[in-house]
Amino acid sequence: MLALIYLGLAICVGERLCGRFYRFISTAHRWATGALVGLLLSSWFTYLAARHIASASNPLLWGDLLFFAAAAIFLLKCPPGREPLMIETRVSRSAKWDWIALGIYCAVASWMMFATLDFKDGTLLIGTNQWSDYGPNTAIVQSFALGHNFPAEYPHFAGEPIRYHFLFYFLAGNLEFLGLNLVWSLNILSILTMVCMLALVMVLGELLFKSRVVGGLASTLFFFHGTLNLIP
């Protein structure tokens, strides 16, 4: 439950913040932007807060408490106010089709993620083509969820600092720390961020080419190879 509250607060903070600086063309665009910005900012805030008090016996707990307090204060002190500005487009649109497309993408993304990483009868199930990635990366997740990895280091290389893209796995580890299991922590984040990214691809295609068809086609082609070199 705490993990879902954390996600909800992060998304609400991002949506409230983006509403003051961005213009949107749809509700889906608004919430997709808010989710991505909120997750990024909340992850950095929690990590830096925990890193600052790394000498504590459980720095991640204090980092989460500080985030909950800061997010609550921000949402209370910064009311929604006026509705976010909308971008006027010459494209006739119905919000229904946005949600139908995103619902289909969510179903496909869920199948992809749980077919790649799942948990059954006490055994972690990893896709054949992904075991080499998930091996070290799940160790990074566990180092935050169950260990004391501040400042962040690679669990499999003693004393070696992490130099890139650990924040996603920190957030997954934090969700596991707050109550989700390893598989759900990784898969929920993967599904959520992937669907939000596809929503923004749809918006980009529509704004650049004044066509919803282009946006839908661009987001659909994301699931396929970017080249035709597989055709003999």
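None of the values given here were measured: they were computed from a predicted structure.

A.B. asks: Before we go on, may I ask you to explain the confidence of the model for the chain in this structure?
C.D. replies: Caution applies to low-pLDDT regions: their predicted coordinates should not be interpreted in detail. In the predicted model, the chain carries a mean pLDDT of 87, and the fraction of residues at 70 or more is 94%. Model confidence for the chain, summarised as mean pLDDT per element, is weakest for strand 2 (residues 123–126) at 85 and strongest for helix 6 (residues 167–177) at 94.

A.B. asks: What am I meant to see in helix 3 (residues 59–77) here?
C.D. replies: Since the α-helix advances by 3.6 residues per turn, residues separated by three or four positions end up pointing in the same direction. For helix 3, which comprises 19 residues, the first-to-last C-alpha distance of 27 Å matches the rise-based estimate of 27 Å (1.5 Å per residue) to within 8%. All buried positions along helix 3 are accounted for by Pro59, Leu60, Gly63, Asp64, Phe67, Phe68, Ala71 and Leu75. Looking at the buried positions of helix 3, the neighbouring elements they touch are helix 1 (2–18), helix 2 (27–52), helix 5 (131–145) and helix 6.

A.B. asks: Hey, could you run me through the packing of aromatic side chains in this one?
C.D. replies: Geometrically, a pair of aromatic rings is defined through the distance of the ring centres and the angle of the planes. Applying the stated rule across the entire model yields 16 aromatic pairs. Arranged with centres 5.1 Å apart and planes meeting at 85°, the rings of Phe144 and Phe170 form a pair that is edge-to-face. Here the residue Phe144 occupies a position in helix 5, and Phe170 occupies one in helix 6, the gap between them amounting to 26 residues. For the pair formed by Phe144 and Phe170, the shared burial category is buried. Judged by centre distance (6.3 Å) and plane angle (80°), the rings of Phe150 and Phe170 are edge-to-face. Here Phe150 is found in the loop between helix 5 and helix 6, whereas its partner Phe170 is found in helix 6, with 20 residues between them in sequence. Of the two residues examined, Phe150 and Phe170, each falls in the buried class.

Conventions adopted
- Residues numbered from 1 in each chain as written.
- Predicted model: local features only at pLDDT ≥ 70, side-chain atom pairs only at ≥ 80, totals over all residues.
- Heavy atoms only, no water.
- pLDDT = per-residue confidence, 0-100.
- Helix = DSSP H or I, 4+ residues; strand = E, 2+ residues; numbered from the N terminus.
- Expected span 1.5 Å × (residues − 1).
- Buried < 20%, exposed > 50% of the residue type's maximum accessible area, 1.4 Å probe, protein only.
- Contact = heavy atoms within 4.5 Å.
- Phe/Tyr/Trp six-rings, centres within 6.5 Å; stacked < 30°, edge-to-face > 60°.

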